[in-house]
Structures are given as structure tokens and as C-alpha cells.
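# Close look at the chain arrangement
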Amino acid sequence: MKILITGGAGYIGSHIGIELLNNGYDIIIIDNYCNSDRNVIRIMQQIAGKSFLSYDCDLRDKHQMEMVFRENAISAVIHCAGLKCVPESIANPIPYYQNNIGGTLNLLECMKRYGVYKIVFSSSATVYGLNNPVPYKEEMLLSATNPYGWTKIMIEQILKDFTTAEKDMKAAILRYFNPIGAHPSGLIGEKPEGIPNNLMPYLCQAAAGKLPSIKICGTDYRTADGTGVRDYIHVCDLVKGHVKALEKLDFLTGTEIYNLGTGKGSSVLKLITTFETVNGIKLKREISKRRPGDIDESYADVSKADKELGWKTELSLEDMCRDSWNYIKKNYAVSTE
Ligand code: NAD
Ligand code: WQD
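Structural notes, computed from the coordinates. Note that the structure is a prediction, hence the values are computed from the model and not measured. Counting restarts for each chain: residues are numbered from 1 in the order of the written sequence. Following the order in which they are written, the chains are lettered starting with A and the ligands numbered starting with 1. It should be noted that, the model being predicted, local features are given only for residues of pLDDT at least 70 and side-chain atom pairs only at 80 or more, the latter also being counted only at that level, while totals for whole chains, interfaces and linings use all residues. In computing side-chain properties, one takes all heavy atoms of the structure into account and sets aside hydrogens as well as water.

### Topic: the site of ligand 2
Only heavy atoms are used to decide nearness, and a residue is near a molecule or strand if one of them lies within 4 Å of it. Around ligand 2 there are 18 residues in total, and Ser-124, Tyr-148, Lys-215, Arg-230 and Asp-294 lie nearest to it. Between ligand 2 and Cys-217 there is a distance of 2.8 Å, counted from an oxygen atom to a backbone nitrogen or oxygen. Contacts to ligand 2 include Asp-294, whose side-chain N or O atom sits 2.7 Å from an oxygen atom. Coverage of ligand 2 by the protein chains reaches 87% of its 690 Å² of free accessible surface. Of all the elements in the fold, those that place two or more residues in the shell around ligand 2 are helix H7 (199–207) and strand E8 (214–217). Pairs of N or O atoms are called polar contacts if they sit within 3.5 Å, as long as, within protein, a hydrogen donor faces a hydrogen acceptor (for residues adjacent in sequence, only side-chain-to-side-chain pairs). Using a 1.4 Å probe, accessible areas were evaluated by the Shrake-Rupley method; residue-level cover was limited to the displayed protein chains. Helix and strand definitions here come from DSSP, where helices need a minimum of 4 consecutive H or I residues and strands a minimum of 2 consecutive E residues; each element is numbered from the N-terminal end.

Structure (C-alpha cells):
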């Protein structure tokens, strides 16, 4: 079976690609490399010991997209391509809507035209907004605090409408919680870019000597130690959920939604101390103010994925901290002193 991965050179898409190849699937990748490197393709082939086709293609380019679908017998699509930086989406919303929504619409049109009926979509826990109690359940009301989050809610709705109108179409929406970690080889991972917004990339940059200290954004949250709590999930566990979702699509009608998390929350302080202990690094800490719009706690109810997909996570917070740092240390560190 040939699976098209959009955004397949990115952090999550590249790990999905390797997992699919290891499970006997053929893959094709589409990426415009706006947030990834071309050499990731070669590295993926090296890790999996298999080759595959990749297209330097923008999802919004109708002509090129037609070509990809015409040239390949695609069985299903895993749709990861999109812009994902929250503050950037607030500062400059139009490209977020153009890219994430426009790209998805173009992809769905091609799927319909070429009779490709199965899609797995990378959504996000950000769709649970500010007002839901934890743990988050798939049926809760959705809202967003930024354009990035709205693109996820809108795409979820588009998929529901599309699978209602097109009876053969099926979609699995996967709501990722906080993916961190990297492939154990240390050859692929989350590419560091400027000053990171997210906690684990920030920690890694500080550990690599590229930032003077780590920043703890708020110590007055309503949590056990006062810092924000999130459901961190190892990217290698996350991608296994995609294989399960692909298998499940054969037995679904319409659209189904699954949370992909561990079901457990960890605080900022817990993540920092685990990172330090596992990697034998001491980081300088700086207390900073809350980020606007940040919530106290976010973690998943994972019972639906467990029951219906037969999926649950296996890797620990220690594994996540070790593998995230292993990737940065191997590829980007300047100094660990
Ligand atoms: P990423 O930026 O590493 O990967 C996305 C890839 O899509 C990149 O390689 C980028 O070059 C490509 N891309 C973007 N726009 C494109 C377009 N128009 N045409 C072709 N390629 C395009 O991001 P990621 O962390 O791997 O995230 C993958 C998906 O998962 C995204 O949709 C993201 O919103 C979602 N997600 C990520 C997280 C997270 O914390 N990483 C959490 C929840 C959801
Ligand atoms: C985690 C915790 C911060 C940075 C973001 C996106 C969301 C989703 C996942 C894609 C919070 C604290 C952070 C720092 C800190 N992505 N923090 N110092 O907030 O759950 O969500 O990533 O869909 O859309 O908004 O993750 O890693 O940014 O923050 O103390 O330098 O770490 O306040 O409590 P978050 P995060």
C-alpha cells in the first residue's frame, strides 16, 4: 500500500515515514521545505534502509499536485503539512489561513478526483481552547485562541463536511498533545529554529549553549508546583498511533477523532528536572511572566484511542528528554559546559 505523507520531511512526518516503511508500507512524500531540510529524505532512507519518491511541491500548487496524484497509485494520505508557529500566526494570520486551509482544500480536491478515499489528519490539542476541564475528551466543544488553532478547527470541520458529502471518504483526525523526543538514532528530530516558543526546543537550545538560561513562563498557575502542566508524548509513540489509525480507516464511515497523548500531565519544573537528571546537565533558570493565553493544565483522555485503535503510549518522560537532547547534541550543540 502506498501512503502519501504531506509535510513528510517535517518533524512528525519524517518519523511517520520511517514507522510506515518499517511496517511494510510504501510511502511518497510531498514537502515544500518551508520548515524542513531536503537532506531529511536521504536520512530517512538511510534509517529505514528503503527508498521512496519525494516531491518538492507546495500543496497549494494545483498543477504539481495533479501530477503527484496522476503519477502514483495512492491508497491513503497522512496530512501533516502546515504552518505551526502560534505567535507567527497571530502576527501574520493570512499566510496561515492560505497555507493550512488552502493547501488542505487543494489536497482534498485531488483525492476526490483520483479516488483516494482515506485521510489521517494532524490536528492539535489546541482545539480544546481555554474553557474545557481536563482531561480533554474528543466530544468537547472546541475553540481557539489564535489563527493557528482556528485553522485546525476549520480543517476538522471541512473533513466532517467532506466525508458526509462523499460517502466513500473516511477521515481520522488525530489530536496531538505535546509531541517531543526524537528517533533513537539521533538522526532526525525537531529542527531548531531561532528562539523557540515551545518548552522542549527551548530547553535543548539552552543545553546546547545557544541560550543563556531556560525561561519558566509563570509560577502562579493552579497546579501542584505552580508551573504549567502539559501532556508530553514521545514522537515515536505518536507515530505508532498513525499506523493504527490507517488500519482503522478500513472499518470507519465518515470522520472519527482520536486524542493522541499519554493521559498524564507533567509540569514545566518536572520536565526541566527530568531533562537535567537524565542528561547530566544543569541549566540556569530564569522566572519569566506567563505567556498570554496559556492555560494551567492540558492532558488527554486517551480511552477512545486505547479502546478503538488498540493504541497507548509506552515511552516515558525520561525517554523523551534523553532522545530530544540526543538529537540536538549530535547535530547542533556548540557547548555543553
Ligand atoms: P513541521 O513544521 O516540522 O512539519 C510540517 C512540514 O510541512 C514541514 O516540512 C513544511 O516544510 C511542510 N509544509 C508546510 N506547508 C506546506 C505546503 N503548503 N506544502 C508542502 N509542504 C508544506 O511541523 P510538525 O511539528 O512536524 O507538525 C506536523 C503537523 O502536526 C502540523 O500540521 C502541525 O500543525 C501538527 N501538530 C504539531 C504539533 C507539534 O507540537 N509539533 C502539535 C500538534 C499538531
Ligand atoms: C509548554 C509549557 C508554557 C516555553 C504549544 C502550541 C500548541 C501545540 C503545542 C501545535 C507551558 C511553558 C514554554 C518556555 C516555559 N502545538 N514554557 N518556557 O503551550 O502546550 O502549546 O505547543 O499544535 O498549539 O501553542 O506547549 O511547549 O509552548 O509550553 O515555561 O520557554 O511550558 O508556559 O506551560 P503548549 P509549549
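### Quick word on the side chain of Glu-276
Here Glu-276 is to be found in helix H9 (residues 268–279). At 3.0 Å, the side chain of Glu-276 and the side chain of Arg-285 are in polar contact.

### Remarks on the packing of helix H1 (residues 11–22) against helix H2 (residues 39–48)
H2 packs onto H1 with a crossing angle of 30° between their chain directions and a minimal axis gap of 10 Å. Between H1 and H2, the interaxial angle falls into the category roughly parallel. Between H1 and H2 lies a crossing whose hand is right-handed. On H2, the residues touching Gly-13, Ser-14, Gly-17, Ile-18, Leu-21 and Asn-22 of H1 are Val-40, Met-44, Ile-47 and Ala-48. The classification used treats Ala, Val, Leu, Ile, Met, Phe, Trp, Tyr, Cys and Pro as nonpolar, Asp, Glu, Lys and Arg as charged, and all other residues, Gly among them, as polar. Among the residues forming the contact of H1 with H2, the class breakdown is six nonpolar, four polar and no charged. In this analysis an axis means a line fitted to C-alpha atoms, helices contributing only their contacting stretch, and an angle means the value between N-to-C directions, from 0 to 180 degrees. Angle categories are assigned with fixed cut-offs, so that under 35 degrees is roughly parallel, over 145 is roughly antiparallel, 65 to 115 is roughly perpendicular, and the rest are oblique. In this scheme, a crossing is called left-handed if the near helix is turned counterclockwise away from the far one by less than a right angle; it is called right-handed if the turn is clockwise. In what follows, a contact means two residues having at least one pair of non-hydrogen atoms within 4.5 Å.

### Considering the state of the cysteines
Disulfides are defined in this document as cysteine sulfur pairs within 2.5 Å. Per the counting criterion, the structure on display carries zero disulfides. You can see Cys-85 has no disulfide; the closest cysteine sulfur is in Cys-34, sitting 12 Å from it. The classification of residues rests on relative accessible area computed with a 1.4 Å probe and restricted to protein chains. Under 20% of the type maximum is buried, over 50% is exposed, and intermediate values are partly exposed. Look at Cys-85 and you get partly exposed, because its relative accessible area is 23%. Here Cys-321 stays free of any disulfide, with the sulfur of Cys-204 as its closest cysteine sulfur at 8.4 Å. According to the relative accessible area criterion, Cys-321 is buried, its value standing at 0%.

### Considering the site of ligand 1
Near ligand 1 there are 27 residues, and of these Ile-12, Asp-31, Asn-35, Ser-36 and Tyr-148 occur at the shortest range. For ligand 1, an oxygen atom lies 2.9 Å from a polar atom in the backbone of Tyr-11. Look at ligand 1: alone it shows 820 Å² of surface, and the protein chains cover 95% of it. For the shell around ligand 1, the secondary structure elements donating two or more residues are H1, strand E5 (118–124) and helix H6 (147–165). Of the residues that constitute the shell around ligand 1, the class distribution is twelve nonpolar, ten polar and five charged.

Everything listed is a geometric property; what it means functionally is a separate question.
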